[in-house]
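Summary of structural features
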Amino acid sequence: MADESSSLNTIELATELTIAWLNNPNNRVSADEVPAFLQRMHTTLNGLETGQSEQGHTADDSEDHKPAVTVRKSLGSPDHILSMIDGKPYKTLRRHLSRHGLTPEQYRERYNLKPDYPMVAPNYSEHRRAMAHKIGLGARGRDARAAASDGDAAAKPQQAARAAQGDDAKPKRASRKPRTATE
């Protein structure tokens, strides 16, 4: 009797899980695939109930990670990189990979890519670099290197002139007017 009720509960649970899977709008399933899925679900639940799992079957092993495009084709355009997961173009792969639960290292390992395989399209990278230079990112470092290469001779007369004027301290900020209660 106990075996019968647990078997019935397993069947009901497998049925409920299959119905939930079919109700997901992201799953496109033909009617021929439903019985096979229901059978796999029932077998899996029975295995979990008895404490046995399907031997040699894990989520990573079950999927053949066949690339959607070749490596050469994925890097064919300087404007985008084609994803080897779905074959769609991306300027940067990092967010796409995170949606699939992968890091760039795991992605490279999965598709046997070299460690220097790019995650960002070359033109997009150049565009971002140009934008960073335009707004002055890294300018402080460039200015410091330029001052060091010019030598301290150019900096000493400026420091002496400031010292003579008494401007060693930083200039004070202009004070703000106090806020009123209505603002």
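See the structure above.
Below is a short write-up of the structure. Residue indices follow the written sequence of each chain, beginning from 1 at its first position. Whole-chain, interface and lining totals are the exception, using all residues; otherwise, since this is a predicted model, local features are given only for residues with pLDDT of at least 70 and side-chain atom pairs are given and counted only at 80 or more. Only hydrogens and water are set aside when side-chain values are computed; all heavy atoms of the structure are taken into account.

1. Thoughts on helix H8 (residues 139-150)
Along an α-helix, residues three or four positions apart point the same way, because every turn accommodates 3.6 residues. Put simply, the rule is: Helix numbers and strand numbers start at the N terminus; a helix is a DSSP run of H or I with at least 4 residues, a strand a run of E with at least 2. By this rule, a helix spans an expected 1.5 Å times one less than how many residues it contains. Only protein chains enter the area calculation, which uses a 1.4 Å probe; residues under 20% of their type maximum are buried, those over 50% are exposed, and those in between are partly exposed.
Over its 12 residues, H8 runs 16 Å from end to end, which matches the ideal 16 Å to within 8%, given 1.5 Å per residue. With 0 of 12 residues buried, H8 is to be regarded as a mostly surface element.

2. Brief notes about the nonpolar core
Buried together is how nonpolar side chains tend to be arranged in soluble globular proteins. For clarity, the cut-off: Among the buried residues, those of types Ala, Val, Leu, Ile, Met, Phe, Trp, Tyr and Cys that are joined through side-chain atoms within 4.5 Å form a nonpolar core. What makes two residues a contact is simply this: any of their non-hydrogen atoms within 4.5 Å.
Residues Met84, Leu93, Leu97, Tyr107, Leu113, Tyr117 and Met119 are the most contacted members of the largest nonpolar core, which totals 13 residues. Non-local contacts of leucine 97, meaning those with residues more than four positions away in its chain, are made with Ile85, Leu102, Thr103, Pro104, Tyr107 and Met119.

3. Considering the environment of leucine 17
Mapped onto the elements of the fold, leucine 17 is located in helix H1 (residues 2-23). In this structure, the C-alpha to C-alpha distance between leucine 17 and leucine 38, residues 21 residues apart in sequence, is 8.6 Å. Those residues in contact with leucine 17 that sit more than four places away from it in its chain are Met41 and Leu45.

4. What to know about the pattern of salt bridges
Cut-off, in case you're wondering: We define a salt bridge as a contact between a side-chain nitrogen of Lys or Arg and a carboxyl oxygen of Asp or Glu at a distance within 4 Å.
Counting across every chain of the model gives 1 salt bridge. Taking the shortest distance from any N to any O, the salt bridge between glutamate 126 and arginine 129 comes out at 2.7 Å. Pair noted here: glutamate 126 and arginine 129 are both in helix H7 (residues 122-135), with a separation of 3 residues, about one helical turn. Given a relative accessible area of 40%, glutamate 126 falls into the partly exposed group.

5. A word on the packing of aromatic side chains
What describes a pair of aromatic rings is the distance from one ring centre to the other and the angle between the planes of the rings. Rules: Centres within 6.5 Å are what make two rings of Phe, Tyr or Trp a pair, Trp counting through its six-membered ring; a difference in plane orientation under 30 degrees is then read as stacked, over 60 as edge-to-face, and the rest as tilted.
Throughout the structure, instances matching the rule amount to 3 aromatic pairs. Ring geometry for tyrosine 107 versus tyrosine 111: centroids 5.4 Å apart, planes at 70 degrees, classification edge-to-face. For the pair tyrosine 107 and tyrosine 111, a shared accessibility class is recorded, and that class is buried. Each ring, one from tyrosine 107 and one from tyrosine 117, has its centre 6.3 Å from the other, and the planes form 50 degrees; the classification is tilted. On the criterion of sequence distance, the pair formed by tyrosine 107 in helix H6 (residues 104-110) and tyrosine 117 in the loop between H6 and H7 is long-range, its members being 10 residues apart. Residue tyrosine 107 is classed as buried on the basis of its relative accessible area, which comes to 0%. Classification of tyrosine 117 by relative accessible area gives buried; the value is 5%. One aromatic cluster is present, built from ring pairs that chain together Tyr107, Tyr111 and Tyr117.

6. Structural notes on a nonpolar patch on the surface
For the record, the criterion: Candidates for patches are residues over 30% relative accessible area with no salt bridge; among them, like charges are joined within 9 Å and nonpolar side chains (Val, Leu, Ile, Met, Phe, Trp, Tyr) within 5 Å. Per-residue accessibility takes into account occlusion by the displayed protein chains alone, with areas from the Shrake-Rupley method and a 1.4 Å probe.
On the surface, Met131, Ile135 and Leu137 cluster together into a nonpolar patch covering about 310 Å² of accessible area. For isoleucine 135, a relative accessible area of 62% corresponds to the exposed category.

7. As for the side chain of arginine 108
In plain terms, the rule: Under the counting rule used here, the positive set is Lys and Arg, the negative set is Asp and Glu, and His together with the chain ends is not counted.
Here arginine 108 is to be found in helix H6. The buried charged residue arginine 108 lacks any salt bridge, with glutamate 105 as its nearest oppositely charged partner at 4.3 Å. Residue contacts for arginine 108: discarding those within four places in its chain leaves Leu113, Lys114, Pro115, Tyr117 and Met119.

8. A word on the environment of isoleucine 81
Mapped onto the secondary structure, isoleucine 81 falls in strand S1 (residues 81-82). By relative accessible area, which is 1% here, isoleucine 81 ends up buried. With 39 residues separating them in the primary sequence, isoleucine 81 and valine 120 have C-alpha atoms 7.2 Å apart. The residues touching isoleucine 81, leaving out its near neighbours within four places in the chain, are Ser74, Leu75, Lys88, Pro89, Tyr90, Leu93, Tyr117, Pro118, Met119, Val120 and Ala121.

Structural measurements only, silent on function.
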